[in-house]
Amino acid sequence: MITTRNRNEVEVEIKETLGLVPGFFKSIPDQYLDYEWQLFKSLELGETLIPNKYKELMGVAIHAETKCAYCTLFHTEAAKLFGATEEEIQEAVHFAKMSVGWSVYLNGMRTDYDEFANEFTQIGNFLETKQLTHAN
């Protein structure tokens with residue numbers, strides 16, 4: 001059983017942190033609010049292994065593909081708050097477009113997965129050797 005604070009305590013903390021209690025938190029059932037806020041605060045606002053700007057750029061790219069207008073807006077604005085430029089946001093979206101396009105193509109052509117994995121092992125070995133050669 002998850003120990004939770006009451007709704008009022010959690011909403012006070014949300015308001016102190018964000019300036020208001022966003023509607024998407026208001027609709028979360030009482031028994032889950034504290035848990036969801038702690039998760040949001042930790043992953044969205046906290047310092048983790050991935051710098052916040054990069055997490056937000058990943059969010060922009062992901063939700064450009066999922067076509068969630070709410071998430072795309074949220075992560076775009078959060079990326080800006082964490083220092084992302086318009087050019088970085090555009091690059092993240094362009095990368096998502098390219099990556100999804102290759103996924104469509106490879107899956108649609110039913111490319112042999114084992115062959116694909118083997119080729120990338122070879123490419124990785126080649127590039128690693130090439131870097132070592134240029135480093136010397």
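In this text the structure is predicted, and so the values were computed from the model without any measurement. (Residues numbered from 1 in each chain as written. Predicted model: local features only at pLDDT ≥ 70, side-chain atom pairs only at ≥ 80, totals over all residues. Heavy atoms only, no water.)

Attention now goes to the overall build of the protein. In terms of helices and strands, the protein carries 7 helices and 0 strands. With respect to the principal axes defined by its C-alpha atoms, the protein has extents near 60 × 40 × 35 Å. Buried residues in the protein amount to 23% of all 136 residues. A fraction of 40% describes how many contacts in the protein between residues 6 or more apart in sequence connect residues 24 or more apart. Only carbon and sulfur atoms are counted for the fraction: they give 61% of the accessible area of the protein, which is about 10400 Å². The positive charge centre, built from 12 side chains, and the negative charge centre, built from 21, are 4 Å apart in the protein. (Helix = DSSP H or I, 4+ residues; strand = E, 2+ residues; numbered from the N terminus. Buried < 20%, exposed > 50% of the residue type's maximum accessible area, 1.4 Å probe, protein only. Contact = heavy atoms within 4.5 Å. Areas by Shrake-Rupley, 256 points an atom, 1.4 Å probe, with all protein chains shown as cover. Lys, Arg positive; Asp, Glu negative; His and termini not counted. Charge placed at Lys NZ, Arg CZ, Asp CG, Glu CD.)

Once that is clear, we can look at the pattern of salt bridges. Applying the stated criterion across every chain, the model contains 9 salt bridges. Residue Glu 86 pairs with Lys 80 through a salt bridge whose shortest N-O separation is 3.2 Å. The network of salt bridges with common partners includes Arg 5, Glu 13, Asp 34 and Lys 41. (Salt bridge = Lys/Arg side-chain N within 4 Å of Asp/Glu carboxyl O.)

Inspection of the entire model under this criterion finds 8 aromatic pairs. Measuring from ring centre to ring centre gives 5.6 Å for Phe 25 and Trp 37, while their planes differ by 80°; the resulting arrangement is edge-to-face. Separated by 12 residues along the polypeptide, Phe 25 in helix 2 (residues 23-26) and Trp 37 in helix 3 (residues 30-45) bring together distant segments of the chain. Of the residues examined, Phe 25 reaches a relative accessible area of 2% and is grouped as buried. The exposure class assigned to Trp 37 is buried, which follows from its relative accessible area of 0%. A ring pair is formed by Phe 25 and Phe 40, whose centres lie 5.2 Å apart and whose planes are at 90°; its orientation type is edge-to-face. (Phe/Tyr/Trp six-rings, centres within 6.5 Å; stacked < 30°, edge-to-face > 60°.)

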